[in-house]
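Remarks on the overall topology
Residue-level listing of the chains:
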Amino acid sequence: MIRIFAGYDPREAIGYHVFCQSLIERTSEPVAITPFFGKQRDGTNAFIYQRFLVPYFTKFSGRAIFMDASDMLMLSNIDELNKLFDPTKAVQVVKHEYQTKHPKKYIGTPMESANRDYPRKNWSSLILWNCDHPRNKVLTPDFIDDHTGAELHRFGWLPDSLIGELPAEWNVLVGEQENKNAKIAHYTLGIPEFDHYQDCDFSKQWFNTKSRMMNGLIKMRELVDG
């Protein structure tokens, strides 16, 4: 079974459920999806630090995948990603190296905020976790509370040699990068549900997935109502 810890923010709840629809439609293996959120001490979403507690919540055992989820869409089978797991690494990520084209994100919403550049930006938005790797055993709630966001999002507890690299198509930043072969579309600037981003790349796939999800809910409601 593939364990997935999926970032959830109530302000993007529709995005989370569309992501789950896209994941379930394409998986060929059993998946266990855990919605992941917590107290927001800074940043722009409610799971900004929870991602670093995945090893802790798995009791430092096995492998798991963290995904931002609320602003992502699966375009391929999650099993393909799971098969890239490298037991010699503590984590594996897509190593984006870019300068943002957009000084603001979530435009036109209450979440609108500055979109600043920083080293290793968006590396932590998708993480293959080797939960029982010895170097990850420091990741306790106290450790997370005692370290800055910069230290955590740059994987400061690890030497570079233990940060494995995933192919770029597994975390394509919509509006920042072009990649027609994307396996995961990451609407890091804002999901298509927000008016400003309704015509962004991969918006058609997002809205089609949303439609299938809503139709499923309607059919279930009809069954319940008889």
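A brief look at the structure comes next. In this text the structure is predicted, and so the values were computed from the model without any measurement. Sequence order as written defines the numbering, with residues in each chain counted from 1. Note on the predicted model: pLDDT of at least 70 is required for a residue's local features to be given, and 80 or more for side-chain atom pairs to be given and counted; whole-chain, interface and lining totals, by contrast, use all residues. Side-chain calculation: all heavy atoms of the structure are included, whereas hydrogens and water are not.

Digging into the environment of F66
By secondary structure assignment, the location of F66 is in strand β3 (residues 63–67). Residues F66 and W129, 63 residues apart in the sequence, show an inter-C-alpha distance of 7.4 Å. Each helix corresponds to a stretch of at least 4 residues labelled H or I by DSSP, and each strand to a stretch of at least 2 residues labelled E; elements are numbered beginning at the N terminus.

Remarks on the packing of aromatic side chains
When the centres of two rings from Phe, Tyr and Trp lie within 6.5 Å, Trp using its six-membered ring, the rings pair. Their planes under 30 degrees apart give stacked, over 60 give edge-to-face, and anything left gives tilted. Scanning the entire structure with this criterion turns up eleven aromatic pairs. Ring geometry for F155 against W157: centres 5.5 Å apart, planes inclined by 50 degrees, an arrangement best described as tilted. A single burial state applies to F155 and to W157, both of which are buried. Taken together, a centroid distance of 5.2 Å and an interplanar angle of 90 degrees make the contact between W206 and F207 edge-to-face. In this scheme, a residue with accessible area under 20% of its type's maximum is buried, one over 50% is exposed, and one in between is partly exposed, where area comes from a 1.4 Å probe on protein chains only. Classification of W206 by relative accessible area gives buried; the value is 0%. Counting every residue linked through ring pairs, the aromatic cluster contains F5, F36, Y56, F57 and F60.

Concerning the side chain of N82
Tracing the backbone shows N82 in helix α3 (residues 78–82). For N82, a relative accessible area of 15% translates into the label buried. The contact criterion used throughout is that any non-hydrogen atoms of two residues lie within 4.5 Å. Residues contacting N82, with those up to four places away along its chain left out, are I2, R63 and I65.

Considering the sheet that holds strand β4 (residues 72–74)
Strands pair in a sheet through their backbones, by hydrogen bonds, and they do so in one of two ways: parallel or antiparallel. Judged by pairing direction, the sheet is mixed, and its three strands sit side by side in the order β4-β11-β10 without closing on themselves. Of all strands in the sheet, those bounded by a partner on one side alone are β4 and β10 (172–173). Strand pairing is assigned whenever DSSP identifies at least 2 bridges connecting the two strands. Of the pairings in the sheet, the one linking β10 to strand β11 (residues 184–186) comprises two bridges and is parallel in character. The residue bridging V172 from the neighbouring strand is A185, located in β11.

This is a description of form; function is not addressed.
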